[in-house]
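Here is what each chain is made of, one letter per residue.
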Amino acid sequence: MVQVTGDPSDAPSLEGDVPRKMRADAQRNREKILNAAEEIFAAEGVGVPIDAVAERAGVGIGTLYRHFPTKEALFEEIVATRMDALLVSADQYVAASLTDPSGAFSEFIAELARQAAAKQDLFEALERSGLDFKAKFSDRVDQLIADIEILRERAVAVGAIRAEVQAHDIMALVMGTCRAAVAPGSDDQALSRCVGIVIAGLQSV
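Residues numbered from 1 in each chain as written. Predicted model: local features only at pLDDT ≥ 70, side-chain atom pairs only at ≥ 80, totals over all residues. Heavy atoms only, no water.

Novice: Run through the pattern of salt bridges, naming residues and quoting values.
Specialist: Applying the stated criterion across every chain, the model contains 9 salt bridges. The salt bridge involving Glu77 is made with Arg30; its shortest N-O contact spans 3.3 Å. A residue pair is termed long-range when its members are at least 10 positions apart, and Glu77 in helix α4 (residues 71-96) and Arg30 in helix α1 (residues 24-44) qualify at 47 residues. Assessed through its relative accessible area of 24%, Glu77 is described here as partly exposed. Here Arg30 falls in the buried class, since its relative accessible area comes to 17%. One salt bridge in this structure joins Asp84 and Arg140, with 2.7 Å as the shortest N-O distance. Note that Asp84 is positioned in helix α4 and Arg140 in helix α8 (residues 138-157), a separation of 56 residues in sequence. By sharing partners, the salt bridges in this structure join Glu39, Glu44 and Arg56 into a single network. (Salt bridge = Lys/Arg side-chain N within 4 Å of Asp/Glu carboxyl O. Helix = DSSP H or I, 4+ residues; strand = E, 2+ residues; numbered from the N terminus. Buried < 20%, exposed > 50% of the residue type's maximum accessible area, 1.4 Å probe, protein only.)

Novice: I'd like a rundown of the environment of Arg154, residues and numbers included.
Specialist: Locating Arg154 in the fold gives a position in helix α8. Considered as a pair, Arg154 and Thr99 are 55 residues apart in the sequence and their alpha carbons are 9.9 Å apart. In terms of polar contacts, Arg154 uses its side chain to reach the side chain of Ser97, at 2.8 Å. (Polar contact = N/O pair within 3.5 Å; in protein donor to acceptor, adjacent residues only side chain to side chain.)

Novice: I'd like to hear about α8, residue by residue, with values.
Specialist: The periodicity of an α-helix, 3.6 residues per turn, causes residues three or four positions apart to be oriented the same way. Between its first and last C-alpha, α8 extends 28 Å over 20 residues, near the 28 Å set by a 1.5 Å rise per residue. Buried residues of α8: Leu144, Ile145, Asp147, Ile148, Leu151, Arg152 and Ala155, and no others. For α8, the buried positions fall inside an angular range of 160 degrees around the axis, keeping them on one side. Opposite the buried face of α8, at more than 90 degrees from it, the exposed residues are Asp139, Asp142 and Ala157. On its buried face, α8 is in contact with α4, α5 (101-118) and α9 (167-181). (Expected span 1.5 Å × (residues − 1). Arc of directions from axis to C-beta. Contact = heavy atoms within 4.5 Å.)

Novice: Please give an account of the nonpolar core that cites residues and values.
Specialist: Core analysis: the biggest nonpolar cluster contains 34 residues, and Phe105, Phe108, Leu112, Leu144, Ile148 and Ile170 have the highest contact counts within it. Those elements that place two or more of their residues in this core are α4, α5, α8, α9 and α10 (190-202). When sequence neighbours within four positions are dropped, the list of residues in contact with Leu112 reads Leu86, Leu144, Ile148, Met171, Val174 and Met175. Grouped together as the second largest cluster of nonpolar side chains are 28 residues, Ala54, Tyr65, Phe75 and Leu131 included. (Core = buried A, V, L, I, M, F, W, Y, C linked by side-chain atoms within 4.5 Å.)

Novice: I'd like a rundown of the side chain of Ser89, residues and numbers included.
Specialist: Structurally, the position occupied by Ser89 is in helix α4. Among the residues examined, Ser89 registers a relative accessible area of 9% and is labelled buried. Excluding residues that lie within four positions of it along the chain, Ser89 makes contacts with Glu111 and Gln115.

Novice: I'd like to hear about the layout of surface pockets, residue by residue, with values.
Specialist: If you add up the space inside the largest pocket, you get close to 730 Å³. Contributing to the lining of the largest pocket are 23 residues, with Phe123, Phe133, Val141, Met171 and Met175 lying nearest its centre. Contributing elements (two or more residues each) for the lining of the largest pocket: α4, α5, α6 (120-128), α7 (133-136), α8 and α9. A breakdown of the residues in the lining of the largest pocket according to their chemical character gives 13 nonpolar, 4 polar and 6 charged. (1 Å grid on protein atoms, 1.4 Å probe; cavity = no way out; pocket = protein on both sides within 12 Å on 5 of 7 lines; lining within 4 Å. Points joined across faces, edges and corners; volume = space filled by probe spheres on them. Nonpolar A, V, L, I, M, F, W, Y, C, P; charged D, E, K, R; others polar.)

Novice: Lay out the packing of aromatic side chains with the relevant residues and their values.
Specialist: In this description, an aromatic ring pair is defined by two values, namely the gap between the centres and the angle between the planes. Taken as a whole, this structure holds 2 aromatic pairs when the rule is applied. Judged by centre distance (5.3 Å) and plane angle (75 degrees), the rings of Phe41 and Phe75 are edge-to-face. Of this pair, Phe41 sits in helix α1 while Phe75 sits in helix α4, placing them 34 residues apart in sequence. With respect to class, Phe41 is no different from Phe75; both count as buried. An angle of 55 degrees between the planes, with centres 5.6 Å apart, marks the rings of Tyr93 and Phe108 as tilted. Here Phe108 lies in helix α5 and Tyr93 lies in helix α4, a separation of 15 residues in the sequence. Classification of Tyr93 by relative accessible area gives buried; the value is 16%. (Phe/Tyr/Trp six-rings, centres within 6.5 Å; stacked < 30°, edge-to-face > 60°.)

Shown next, in the form of structure tokens:
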């Protein structure tokens, strides 16, 4: 059994049954743990001992366990954090599409590809751990598809892209492009070139 010790500031503060907002130092520790876990899991796989994550983050093992009682909880929070950031970005492009449907669509596709490619090794490692992305994050995936659909509809309305293309098609094309662009032997410009080809293929003729 793990004996959990650490900075008391990392423990949630309670007033009655209502959790208080996480203290700034506890929030910093949480972010350091997530960043360290992303780096080490992507580079060395998810089999790395949890102690190594704490060491890289510069926190005690007890502090890590206060935030993430299990390794699986850490895996899930990494993905949730990245998906939430992507959804914030998607919302911004959806807002921009009201005045520039074509530009917002193309720029978001490029942004989606950049973010996915940057975390490709990490997500592949998490998949090998048995993490079921579709089951755990179905609400976030659905929201992302909904945002892509809005961007798609507005781009179609101004004749920027083909009407027959669907949001799920776009998602599949981007994810496939990312895997190809970061494959061994690819150069630094491969992702940009591949995304450009995808966008050109989606455009109306």
